[in-house]
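What follows is the residue order along each chain.
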Amino acid sequence: MEADGVVIGAGVIGLAAAAALASRQRSLLVLERRGGVGQEVSSRNSEVIHAGLYYPPGTLKARTCVEGRERLYQRCSEHRVPHRRTGKLVVATSPEELEGLSALAERALANGAGAVELLSAGEVSRREPRIRALGALWSPESGIVDARALVTSYQAEAEAHGAQIVLRTTVVALERDGDAWVVETESAEGDRFSVRSPVVINAAGLSADRVAQWAGLDIDRLGWRIHPCKGDYFAAVPSLGRLTERPVYPLPASGGLGIHVTPDLGGRYRLGPDVEYVDQPRYDVDPQKAEPFAEAVARYLPEIRTEHLTPEFAGVRPKLQRPGEAFRDFVIEEGSAHGAPGLVNLIGIESPGLTAAGAIAERVADWITGGSAL
Ligand SMILES: Cc1cc2nc3c(=O)[nH]c(=O)nc-3n(C[C@H](O)[C@H](O)[C@H](O)COP(=O)(O)OP(=O)(O)OC[C@H]3O[C@@H](n4cnc5c(N)ncnc54)[C@H](O)[C@@H]3O)c2cc1C
């Protein structure tokens, strides 16, 4: 087979890229190893639309989050993706944390995260009567979204423009042949076929490092090896009623944003995620963690007890940093400088990837069709 472009991976990133590209390219193929779209990282996350509070200014995470957030709200309205601009609170429960809030507010302003406001303890309890905090950062541009519906909207748009999404088909090798790539695949039934294409978008999520390696890239030298980092969630029992009107976060913890309380669009509450580096992605949730989860959340939602929590699901972050290492940015890079021209690598797309997907996709499509820098 021949195609103008091949996308490896039908998560939110691959499908957003396919939707942005399909209208501009003649033939586009999306290859996905699972039986459906968005079954890995894209359906196992907090479903929060991030305003852009957290990331160092000028980084890809900061820029694509802020740009992607506005694109996302617009997309949700146009494509009827369930969502709500709820705003969110980041709370401080000690005097030291109040200083942390001020620093976060400065960073948010530098990033263009929209208006933010520091609230007193009294203002916090007026907005969220069940929350106890010494103060909070109010971010009105944050929100919640139905991640599956978002993924499906990108799939529908890509297909409407002629992209072909091939499920149950695993990419097993990538080889350079003249001025094109040969993408080798194997179906769930064991059938093999290959596709020749000048452009390949590596949006393989937790396996994106391996795909880059197949193309001959030295992922250790480049710092592109993924260190899977699991995050578990617990559900709060419905008898607790309406806990909060919006996501409530503590200050960020090492490796994650802290165990937060987030309502979904159906009115259920999810607590999580924690941070646990694992050798291989896995999705079990240890019921014993209910106790530390309850303790963490009780710091700002005091009525939460272990018996209120039931295991919900786990997600796995494709992290580039090992435990304790400093901030790492998204890798959004075309491979020419590393001897792999035409291979666009999207690696380490952890949070805020759901929010940033539309912005990442536009960058990729502009580079492929217009030659602009990524
Ligand atoms: C715990 C957690 C919480 C998060 N919370 C948020 C949040 O609140 N807000 C936010 O904006 N972001 C959040 N994120 C980040 C967001 O979910 C991700 O950035 C985004 O979903 C990544 O999408 P993706 O398409 O890169 O990966 P995926 O959805 O994993 O897609 C990659 C696809 O590639 C396929 N694939 C892999 N290898 C192959 C192969 N060899 N052949 C064929 N197919 C292959 C996989 O099956 C998969 O479907 C969170 C992430 C986690 C883990």
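The preceding data block contains the structure.
For clarity, every value in this text was computed on a predicted model and none was experimentally measured.

Caption draft 1: Inspection of the overall build of the chain at higher detail. A tally of helices and strands in the chain yields nine helices and 21 strands. The C-alpha radius of gyration of the chain comes to 21 Å, within 12% of the 21 Å expected for a compact globule of 374 residues. C-alpha atoms of the chain, sized along the principal axes, occupy 65 × 40 × 40 Å. A burial count over the chain gives 57% of its 374 residues as buried. A separation of at least 24 residues holds for 71% of the contacts in the chain among residues at least 6 apart in sequence. Accessible surface computed for the chain: about 15100 Å², of which carbon and sulfur atoms make up 48%. For the chain, the distance from the average site of its 41 positive side-chain charges to the average site of its 49 negative ones is 3 Å.

Caption draft 2: Focus on the nonpolar core. Core analysis: the largest hydrophobic core is formed by 46 residues, its most contacted members being Ile201, Leu346 and Ile360. Elements that contribute at least two residues to this core include exactly helix 1 (12-22), strand 2 (28-31), helix 2 (60-78), helix 5 (147-160), strand 21 (340-347) and helix 9 (353-370). Residue contacts for Ile360: discarding those within four places in its chain leaves Ile13, Thr64, Phe330, Ile332, Leu346 and Ile349.

Caption draft 3: Region of interest: the packing of aromatic side chains. Enumeration according to the criterion identifies three aromatic pairs in this entry. When the ring of Tyr54 is compared with that of Tyr55, the centres are 6.1 Å apart and the planes differ by 70°; the resulting orientation is edge-to-face. Each of the two residues, Tyr54 as well as Tyr55, counts as buried. Each ring, one from Phe234 and one from Phe293, has its centre 4.8 Å from the other, and the planes form 55°; the classification is tilted. Of this pair, Phe234 sits in strand 14 (residues 227-236) while Phe293 sits in helix 8 (residues 290-298); the two residues are 59 residues apart in sequence, bridging distant segments of the chain. Take Phe234 and Phe293: they sit in the same class, and that class is buried. Over the ring of Tyr283 we find Arg44, and its NZ or CZ is 4.1 Å from the ring centre. One Lys or Arg, Arg270, reaches over the ring of Tyr233 and ends 6.0 Å from the middle of that ring.

Caption draft 4: Main features of the pattern of salt bridges. This structure, assessed with the given rule, holds 29 salt bridges. What you see here is one network of salt bridges that share partners, running through Lys230, Asp232, Asp274, Glu276, Arg282, Asp284 and Lys289.

Caption draft 5: Layout of the sheet that holds strand 20 (residues 331-335). Spatially, 9-2-1-13-21-20 is the arrangement adopted by the six strands of the open sheet, whose pairing is mixed. Each of the sheet's edge strands pairs with one partner strand only, and the pair in question is strand 9 (164-166) and strand 20. Neighbour-to-neighbour, the strand axes of the sheet open up by a mean angle of 20°, direction not taken into account. Alignment of strand 2 against strand 9, held across three bridges, turns out to be parallel. Across the sheet, residue Val30 finds its bridge partner in strand 9, namely Ile165. On top of the sheet, helix 9 reaches strand 13 (200-202), strand 20 and strand 21; it is set at about 175° to strand 21, its chief contact.

Caption draft 6: Expanded view of the site of the ligand. Taken together, the neighbourhood of the ligand is formed by 35 residues, with Glu32, Ser42, Val48, Ile349 and Thr355 sitting nearest. In the environment of the ligand, an oxygen atom lies 2.6 Å from a nitrogen or oxygen atom belonging to the side chain of Glu32. Within the contact set of the ligand, an oxygen atom lies 2.7 Å away from a side-chain nitrogen or oxygen of Thr355. Of all elements in the fold, only helix 1, strand 10 (169-177), strand 19 (309-319) and helix 9 reach the threshold of two or more residues within the shell around the ligand. Here the residues of the shell around the ligand sort into 14 nonpolar, 13 polar and eight charged.

Caption draft 7: Region of interest: the environment of Ile349. Looking at the secondary structure, you find Ile349 in the loop between strand 21 and helix 9. Between the alpha carbons of Ile349 and Lys319 there is a distance of 7.7 Å; along the sequence they are 30 residues apart. In this view, Ile349 contacts Ile13, Pro318, Phe330, Val331 and Ile360; residues no more than four positions away in its chain are not counted.

Caption draft 8: How the structure looks around the pairing of strand 7 (residues 135-139). In terms of burial, strand 7 is largely enclosed, as five of its five residues are buried. Taking every second residue as pointing to the same face, both faces of strand 7 are buried, with Gly135, Leu137 and Ser139 on one and Ala136 and Trp138 on the other. Alignment of strand 5 (residues 88-92) against strand 7, held across five bridges, turns out to be antiparallel. Following the sheet pairing, Val91 is matched in strand 7 by Ala136.

Caption draft 9: Representation of the packing of helix 1 against helix 5. Interaxial distance between helix 1 and helix 5 falls to 8 Å at its minimum, and their mutual angle equals 30°. Here helix 1 lies roughly parallel to helix 5, going by the angle between them. As for how helix 1 packs across helix 5, the hand of that crossing is left-handed. Residues Val12, Leu15, Ala16, Ala18, Ala19 and Ala22 of helix 1 pack against Leu150, Val151, Tyr154, Gln155, Glu157 and Ala158 of helix 5. Here the contact of helix 1 with helix 5 is built from residues that sort into ten nonpolar, one polar and one charged.

Rules used in this analysis
Residues numbered from 1 in each chain as written. Predicted model: local features only at pLDDT ≥ 70, side-chain atom pairs only at ≥ 80, totals over all residues. Heavy atoms only, no water. Helix = DSSP H or I, 4+ residues; strand = E, 2+ residues; numbered from the N terminus. Rg over C-alpha atoms; globule rule 2.2 N^0.38 Å. Buried < 20%, exposed > 50% of the residue type's maximum accessible area, 1.4 Å probe, protein only. Contact = heavy atoms within 4.5 Å. Areas by Shrake-Rupley, 256 points an atom, 1.4 Å probe, with all protein chains shown as cover. Lys, Arg positive; Asp, Glu negative; His and termini not counted. Charge placed at Lys NZ, Arg CZ, Asp CG, Glu CD. Core = buried A, V, L, I, M, F, W, Y, C linked by side-chain atoms within 4.5 Å. Phe/Tyr/Trp six-rings, centres within 6.5 Å; stacked < 30°, edge-to-face > 60°. Lys NZ or Arg CZ within 6 Å of the ring centre and 35° of its normal. Salt bridge = Lys/Arg side-chain N within 4 Å of Asp/Glu carboxyl O. Pairing = 2+ DSSP bridges. Axes fitted to C-alpha atoms, helices over the stretch in contact; angles between N-to-C directions. Near = heavy atom within 4 Å. Polar contact = N/O pair within 3.5 Å; in protein donor to acceptor, adjacent residues only side chain to side chain. Nonpolar A, V, L, I, M, F, W, Y, C, P; charged D, E, K, R; others polar. Parallel < 35°, antiparallel > 145°, perpendicular 65-115°, else oblique. Left-handed = near helix turned anticlockwise from the far one by under 90°.

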